[in-house]
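# Residue-level structure breakdown
Read off the chains here:
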Amino acid sequence: MRAFSGSSFAPADAPSAMPDHSHREDAAAHDHGHGHDHSHDHSHLPGGRLGVALALTTFYMGCEVVAGLWSGSLALLSDAGHMLTDARALALALYAQRLGRRARTHTRTFGYRRAGVLAAAANGVLLGITAIMVVVEAVRRLHAPPEVAAKPMVVVAGIGLVVNLFSAWLLSGGGAGDVNVRAAAAHVLSDAAGSVAAILAGVLILAYGWTLADPIISIAISALICFGSWRLLREAVNVLMEGPPPGIDVPSLEKLVCATAGVAAAHDLHVWSIVGDTPVVTVHVSILPGEHGTDVARRVGKRLEEALPGAHVTVQPEPAPPPLVSLRGRRAP
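Predicted model, so just to flag it, every value in this text is computed and none were measured.

If you walk across this open sheet you meet the three strands as 1-2-3, and the pairing is mixed. Looking at which strands have only one partner, the edges of the open sheet turn out to be strand 1 (263–273) and strand 3 (312–319). Here the average twist between neighbouring strands, direction ignored, is 15°. Alignment of strand 1 against strand 2 (residues 279–287), held across eight bridges, turns out to be antiparallel.

Further remarks concern the pairing of strand 2. Of all the nine residues making up strand 2, nine are buried; the element is thus mostly covered by neighbouring parts of the structure. Neither face of strand 2 is open: one carries Pro279, Val281, Val283, Val285 and Ile287, the other Val280, Thr282, His284 and Ser286, and all of them are buried. Examined bridge by bridge, strand 2 and strand 3 share eight bridges and lie parallel to one another. Looking at the pairing, Ser286 lines up with Glu318 of strand 3. In this view, the connection linking strand 2 to its parallel neighbour strand 3 by way of helix 9 (residues 293–307) has right-handed handedness.

Structurally, Ser273 can be placed in strand 1. Residue classification places Ser273 among the buried residues on the basis of a relative accessible area of 2%. If near-sequence neighbours (up to four positions away) are discounted, Ser273 is found in contact with Arg114, Val239, Gly243, Pro245, Thr278 and Val280.

Right, let's get into helix 9. Over its 15 residues, helix 9 runs 21 Å from end to end, which matches the ideal 21 Å to within 8%, given 1.5 Å per residue. Looking only at helix 9, the buried set comprises Gly293, Thr294, Val296, Ala297, Val300, Gly301 and Leu304. Here the buried residues of helix 9 occupy an arc of 160° about the axis, which is enough to place them on one side. Summarising the geometry of helix 9, the exposed residues directed more than 90 degrees from the buried face are Lys302 and Glu306.

This part is about helix 5 (residues 150–172). End to end, helix 5 covers 33 Å across 23 residues, agreeing with the expected 33 Å (1.5 Å per residue, within 8%). Within helix 5, the full set of buried residues consists of Ala150, Pro152, Met153, Val156, Ala157, Gly160, Val163, Asn164, Ser167, Ala168, Leu170 and Leu171.

For the rest of this paragraph, the subject is the confidence of the model for the chain. Atomic detail in the predicted coordinates should be set aside for any region of low pLDDT. When pLDDT is averaged across the chain, the result is 75; 76% of the residues are at 70 or more. Within the chain, no element has a lower average pLDDT than helix 1 (residues 20–34), which sits at 39, and none a higher one than helix 8 (residues 250–258), at 95. Confidence drops under a pLDDT of 50 for residues 1–46, and excluding neighbours within four residues, the segment shows 99 contacts in the predicted structure.

Turning next to the pattern of salt bridges. A full pass over the atoms with the stated rule returns five salt bridges. The closest approach of N and O atoms between Glu137 and Arg140, which form a salt bridge, is 2.5 Å. Of this pair, Glu137 and Arg140 both sit in helix 4 (residues 114–143), three residues apart, which is roughly one turn of that helix. By relative accessible area, which is 24% here, Glu137 ends up partly exposed. Measuring nitrogen to oxygen at the nearest pair gives 4.0 Å for the salt bridge that ties Arg231 to Glu235. With Arg231 and Glu235 both in helix 7 (residues 213–240), this residue pair falls four residues apart, about one helical turn. Residue class for Arg231 comes out partly exposed when judged on its relative accessible area of 39%. According to the relative accessible area criterion, Glu235 is partly exposed, its value standing at 42%. Residues joined by salt bridges that share partners form a network here, namely Glu137, Arg140 and Arg141.

For the rest of this paragraph, the subject is the packing of helix 8 against helix 9. At a minimum axis distance of 9 Å, the contact between helix 8 and helix 9 shows a crossing angle of 145°. Where helix 8 crosses over helix 9, the two elements pack in a sense that is right-handed. Residue-level contacts link Leu253, Leu256 and Val257 of helix 8 to Val300, Arg303, Leu304 and Ala307 of helix 9. Here the contact of helix 8 with helix 9 is built from residues that sort into six nonpolar, no polar and one charged.

Scoring rules and cut-offs
Residues numbered from 1 in each chain as written. Predicted model: local features only at pLDDT ≥ 70, side-chain atom pairs only at ≥ 80, totals over all residues. Heavy atoms only, no water. Pairing = 2+ DSSP bridges. Helix = DSSP H or I, 4+ residues; strand = E, 2+ residues; numbered from the N terminus. Axes fitted to C-alpha atoms, helices over the stretch in contact; angles between N-to-C directions. Buried < 20%, exposed > 50% of the residue type's maximum accessible area, 1.4 Å probe, protein only. Right-handed = clockwise from strand over helix to strand, strands pointing away. Contact = heavy atoms within 4.5 Å. Expected span 1.5 Å × (residues − 1). Arc of directions from axis to C-beta. pLDDT = per-residue confidence, 0-100. Salt bridge = Lys/Arg side-chain N within 4 Å of Asp/Glu carboxyl O. Left-handed = near helix turned anticlockwise from the far one by under 90°. Nonpolar A, V, L, I, M, F, W, Y, C, P; charged D, E, K, R; others polar.

So, in structure tokens, the structure goes:
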């Protein structure tokens, strides 16, 4: 038996207790409410904002690399690595916005949105490797600190702080409800902290000639990169393994389904997401005798949607299993 609420699948062999046409009508109603979720998640944020922020971040990252190599500042180079994290976050948000508009196909029924998750996982690994390389170089410089041109280091880091704060302000002006944009803004703000650290290192070198400040603060910036990379990789793996999005209590959802009128039992409850934003929920429910599968599916779907606003819900009603009849043998005379 296949009769889905929130889907268009309803084979002809569904039992008469739950007619196919009623489930198709119910599915159409759900699809009308959720069919566009996977193609317009980022439409409320103008692509220009993300594009400008990405261009600024990428340009300044290149400036930091050049200035870091010229001044000999490892802090600037490690902060450039952190800027790469920001550029990745902005690029993925822009990529998801554009890619999410592409129509689904018969070979890509969910579209191409998970390509961004794969890229995020790869970037997480590469950024972690970059941070480790910076730490290794910083440890070497602790034993033999080189000369550092502190003035250009402070100037470049100061410009970077302005760029990061402007990008964060730009992103906060649109897409407040978009998790990808909020994550990108968080990366930009964390890089602003990296710019402050680089400024601090330059000031300490100018004021006290303490060249060890550069490698020490570089290690601190690398720790920020490792933390961001680990979070990125963990979130990407969770999506690829089809784990529930953060903050969703699956046992509570199961209790909610079982407490719905007309539900005898529930099984095969799955909660996941395509790219880590809009939850997708599927569940099989056994209906009580005398209840109609369409009505029960509608009730369950409504309660799940109230618990998880914006979720794409699919409910499969099934007849309750027949009661077990115990047979007792006759007592021997």
